[in-house]
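Observations on the model geometry
What follows is the residue order along each chain.
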Amino acid sequence: MKNLIQKLRNFNINSRPHSFALTKLKQIDSDISDLFTYILDDYETIFIGENSLALMLASPIECVHIFHFFDKSGSLINVHETKSSDFHFKLLITKYISGGSKFGSFTHHIRYSNIIMIQYKKLLDEVSFQHRGYTGYRNNLNSGFSYVHGNFVECIFLKIKKIN
Amino acid sequence: MSEYFFLTNVGNEIINTINLSKFTSNRLSSLNKEIRFKVGVYIQKHDDIKWQKIDEVGFNNTNNIKLCSTDYRLALGQLAVIIPSNIEMVLNDFYDVLPSPLSRKIDFSPVAERAAIYFEKGKAFSSYQGEFPHQMSCFKGSFLTFDPLMKSQNSSIKTKMILINIHTKKLNKKEIFTLNMANSLSNKIILSKDYVHNSACIVDIQSFNDEELCFYSKDTLGIPIFISYDEDRYLSVEHNHPPSEYFYNNKIDGQKILKHNWLSKLP
């Protein structure tokens, strides 16, 4: 019994704000991004993001990739948007894109046109997308990128355009 | 959930090492206790359906168990499956059905009990945190992944896509399966490679510019690992997210729809 109480207490303390179990019970009306990091001080950072609906339908569909860039103190410094219909979108992060910051973090979200949203409404009502993505780093242009997949805390892009 | 681990020989003088800790990662700080376990190392020969024990290793008063592919003279694409087990458990020399791995969870942390999986070539090495879930090893399934980890590499860099397949149910014979690499837009197959259960299917890929690629098998599931390397000082390794990770809620249904849409189109 003591063990059970301990486990229940741990579960409560250790629960994430949006646990896997809760996703079965509660629909999230937004898309979720991992938090990624960039470093431009003698390094290049590249990000590979997914066009989630295109991947789900196995067919190219145009979307707007939206990136929110934060500086080392976590303040929002720039928003970058690009259109693409590729399954995977590649963004080489520059100081221009990061708002001049040499290192910090960013999120990735996607937006589809109203026509697409209406066309696939039934499907989109059933799922929420999450953006895990892949970030590559290198400090030698002649070398390859060392990639890591998204792993950090999830961020939610609410309809009121506020990052949580 | 409990997890198997693996070692394999991917060729080109790339050495695979695995490091298992007696402390569960991602645990609560209040539960800072070690887990008592040992590991059994089992292989299945290419045309054999029996698992054969090749090693049994404990911690021997250290905090880590470190195993290396070169210790076991693995053939190209051969897997050694590592099974965390109770100290008291007798591990047989041969099995038809591989024993379940010991769960090392000590709290409700949602992150899997992983090991550090290293690949090194010459002076270059890279690692990722990985595992092969026991649950996955009980199903035949199907496999689909994409090429994001191959993007924007120089033409001098080579990439290996490695499909790790572990199936622990009893086999009556070793069937031949096919892993395909196709153009994601035209769905045209670019290359195919045969593999069997309980092996690593290795696909060597040259630069494909910005062509979008997909990898699939309609025969079995598996975990994709991408190793990019040059002949000298560079190596990068990472595994792809499974398609279920594209979805925040309704992961299982989302993955089913996605895989159905792709696998019904692909030849």
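On to the overall build of chain A, then. Within chain A, the regular secondary structure consists of five helices and eleven strands. Nonlocal contacts in chain A, meaning residues at least 24 apart in sequence, comprise 71% of its contacts between residues at least 6 apart. When the accessible surface of chain A is split by element, carbon and sulfur atoms take 58% of a total near 8,800 Å².

This brings us to the sheet that holds strand E4 (residues 63-70) of chain A. Think of a sheet as strands paired side by side through backbone hydrogen bonds, with each pair either parallel or antiparallel. All names here are of chain A. On the basis of which strands lie adjacent, the open sheet formed by four strands has the order E2-E7-E4-E5 and antiparallel pairing. Both edges of this open sheet fall to strand E2 (36-39) and strand E5 (76-84), since each of them pairs with a single strand only. If you compare each strand with its neighbour and ignore which way they point, the axes differ by 30° on average.

Residue and element names in this part refer to chain B. Counting residues in each nonpolar core, the largest one holds 49 residues, and the members touching the most others are Phe-6, Leu-67, Ile-82, Phe-119, Ile-164 and Ile-227. By residue number, the principal contributor to this core is strand E6 (residues 79-85), which donates five residues. Non-local contacts of Ile-164, meaning those with residues more than four positions away in its chain, are made with Phe-6, Thr-8, Leu-79, Phe-132, Ser-199, Ala-200, Gly-222, Ile-223 and Ile-225.

We now examine the sheet that holds strand E6 (residues 88-93) of chain A. Residues and elements named next belong to chain A. Across the sheet, four strands lie side by side as E6-E3-E9-E10; this open sheet has antiparallel pairing. Of all strands in the sheet, those bounded by a partner on one side alone are E6 and strand E10 (146-149). Across the sheet, the mean angle separating the axes of adjacent strands is 20° when strand polarity is ignored. As paired strands, strand E3 (residues 44-50) and E6 are joined by six bridges and run antiparallel to one another. If you follow Glu-50 over to E6, its bridge partner there is His-88.

This brings us to the confidence of the model for chain B. Overall, the predicted model of chain B reaches an average pLDDT of 92, with 96% of residues at or above 70. This prediction of the complex comes with two scores: 0.89 for pTM and 0.91 for ipTM.

Opposite the 41 residues of chain B that make contact, chain A presents 50 residues. Buried area between chain B and chain A, both sides added, is near 4,100 Å², and the carbon and sulfur share of it is 56%. Ranking the residues of chain B by area buried against chain A places His-241, Tyr-246 and Tyr-248 of chain B at the top, with a combined share of 20%. Counting across the chain B and chain A interface gives one salt bridge. Note that Glu-245 of chain B is salt-bridged to Arg-132 of chain A, the shortest N-O span being 2.1 Å. Our enumeration of links across chain B and chain A arrives at 16 residue pairs in polar contact (both at pLDDT 80 or more). Contributing elements (two or more residues each) for the side of chain B that touches chain A: strand E18 (235-239), strand E19 (247-249) and helix H1 (251-263) of chain B. Split into classes, the residues belonging to the side of chain B that touches chain A amount to 18 nonpolar, 13 polar and ten charged. With two bridges joining them, strand E8 (residues 128-131) of chain A and E19 of chain B adopt antiparallel strand pairing. Bridge assignment links Ser-128 of chain A to a residue of E19 of chain B, and that residue is Asn-249 of chain B.

With that settled, the discussion passes to the pairing of E10 of chain A. Residues and elements named next belong to chain A. Only one face of E10 is buried, namely the one carrying Tyr-147 and His-149, since none of Ser-146 and Val-148 on the opposite face is buried. Inspection of the sheet shows strand E9 (residues 134-138) paired to E10 by four bridges, in the antiparallel sense. Of the residues in E10, the one forming a bridge with Tyr-137 is Ser-146.

Another aspect to go through is the pairing of strand E12 (residues 158-165) of chain B. Residue and element names in this part refer to chain B. Judged by how many residues are buried, E12 sits mostly within the fold: seven of eight residues are covered. Looking at chain direction, E12 and strand E15 (residues 199-205) are connected through seven bridges and run antiparallel. Paired with Lys-160 across the strands is Asp-204, a residue of E15.

Under the criterion given, the structure shown has 18 salt bridges over all chains. For Glu-34 of chain B, the salt bridge is made with Lys-22 of chain B, and the minimal N-O distance between the two is 3.6 Å. With Glu-34 of chain B in the loop between strand E2 (15-21) and strand E3 (38-43) and Lys-22 of chain B in the loop between E2 and E3, the pair connects residues that are twelve residues apart, well separated along the chain. By relative accessible area, Glu-34 of chain B is classed as partly exposed at 41%. Between Glu-245 of chain B and Lys-251 of chain B there is a salt bridge; the shortest N-O distance is 3.4 Å. We note that Glu-245 of chain B, like Lys-251 of chain B, is buried. Each of Asp-34 and Arg-132 of chain A together with Glu-245 and Lys-251 of chain B takes part in one network of salt bridges that share partners.

Once that is clear, we can look at the packing of aromatic side chains. Under the definition given, this model contains 19 aromatic pairs over all chains. Centre to centre, the rings of Phe-67 of chain A and Phe-106 of chain A are 6.4 Å apart; their planes meet at 55°, and the pair counts as tilted. Note that Phe-67 of chain A is positioned in strand E4 and Phe-106 of chain A in strand E7 (residues 103-111), a separation of 39 residues in sequence. For the residue pair Phe-67 of chain A and Phe-106 of chain A, the accessibility class agrees, reading buried in each case. Taken together, a centroid distance of 5.0 Å and an interplanar angle of 65° make the contact between Phe-146 of chain B and Trp-262 of chain B edge-to-face. Here Phe-146 of chain B, found in strand E11 (residues 143-146), pairs with Trp-262 of chain B, found in helix H1; they are 116 residues apart in sequence, far enough to count as distant. What links up through ring pairs into an aromatic cluster is the set Phe-36, Tyr-38, Phe-47, Phe-67, Phe-69, Phe-89 and Phe-106 of chain A.

In this structure, Pro-267 of chain B sits in the segment after H1. As for Pro-267 of chain B and Pro-84 of chain B, which are separated by 183 residues in sequence, their C-alpha atoms are 39 Å apart.

Analysis parameters
Residues numbered from 1 in each chain as written. Chains lettered and ligands numbered in written order. Predicted model: local features only at pLDDT ≥ 70, side-chain atom pairs only at ≥ 80, totals over all residues. Heavy atoms only, no water. Helix = DSSP H or I, 4+ residues; strand = E, 2+ residues; numbered from the N terminus. Contact = heavy atoms within 4.5 Å. Areas by Shrake-Rupley, 256 points an atom, 1.4 Å probe, with all protein chains shown as cover. Pairing = 2+ DSSP bridges. Axes fitted to C-alpha atoms, helices over the stretch in contact; angles between N-to-C directions. Core = buried A, V, L, I, M, F, W, Y, C linked by side-chain atoms within 4.5 Å. Buried < 20%, exposed > 50% of the residue type's maximum accessible area, 1.4 Å probe, protein only. pLDDT = per-residue confidence, 0-100. Buried area = accessible area lost by both parts, 1.4 Å probe. Salt bridge = Lys/Arg side-chain N within 4 Å of Asp/Glu carboxyl O. Polar contact = N/O pair within 3.5 Å; in protein donor to acceptor, adjacent residues only side chain to side chain. Nonpolar A, V, L, I, M, F, W, Y, C, P; charged D, E, K, R; others polar. Phe/Tyr/Trp six-rings, centres within 6.5 Å; stacked < 30°, edge-to-face > 60°.

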